[in-house]
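Reading the structure
Residues per chain are reported as follows:
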Amino acid sequence: MAYKKNPKKKDALSIKRAVESLCFQIDWGLKLLGAEKGDLFHQLAKVEVDFISELNYGAQYKI
C-alpha cells in the first residue's frame, strides 16, 4: 500500500522552516549591527515574526 502524505503536516513544516530561517536571519543581522542578544530590537523582531506567522496560519486554515 502506498503511504499517503499529509498535506497539512507538510504545510505546517514549511511554515516552521520559514519562521526559523527568518529568526536566524534577524539574529544574524542584528548581531552584525552590534545589537546584543535579548535587547529591545530582538524582542520587537520576535513579536513581529510571531505576528506574521500567526497571520499566515490563520489565512491558510481560514480561522
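Residues numbered from 1 in each chain as written. Predicted model: local features only at pLDDT ≥ 70, side-chain atom pairs only at ≥ 80, totals over all residues. Heavy atoms only, no water.

1. Digging into the overall build of the protein
For clarity, the threshold we go by: Elements are defined by DSSP. Helices are runs of H or I of four residues or more, strands are runs of E of two residues or more, and each kind is numbered from the N terminus. Think of it in three bands: residues with accessible area under 20% of the maximum for their type are buried, residues over 50% are exposed, and the middle band is partly exposed, with areas taken using a 1.4 Å probe on protein chains only.
Scanning the protein for helices and strands turns up two helices and zero strands. For the protein, with 63 residues in total, the buried portion stands at 13%.

2. Comments concerning the pattern of salt bridges
The test is simple: Salt bridges are defined as contacts in which a side-chain nitrogen from Lys or Arg sits within 4 Å of a carboxyl oxygen from Asp or Glu.
One pass over the structure, following the stated rule, counts two salt bridges. As a salt-bridge pair, lysine 37 and aspartate 27 come within 3.2 Å of each other at their nearest N and O atoms. Taken together, the residues span a long stretch of sequence, with lysine 37 in the loop between helix 1 (7-33) and helix 2 (40-61) and aspartate 27 in helix 1 at a distance of ten residues. Residues aspartate 50 and lysine 46 are paired through a salt bridge, measuring 3.1 Å at the closest nitrogen-oxygen approach. In this pair, aspartate 50 and lysine 46 are both assigned in helix 2, four residues apart and thus about one turn of the helix distant.

3. Brief notes about helix 1
Inclusion rule: How far a helix is expected to stretch is found by multiplying one less than its residue total by 1.5 Å.
Look at helix 1: 39 Å from first C-alpha to last across 27 residues, which is about the 39 Å you get at 1.5 Å a residue. Looking one or two residues past helix 1, glycine 34 carries a phi angle of roughly 95°, positive in sign.

Interpretation note: all reported values are geometric properties and have no functional meaning in isolation.
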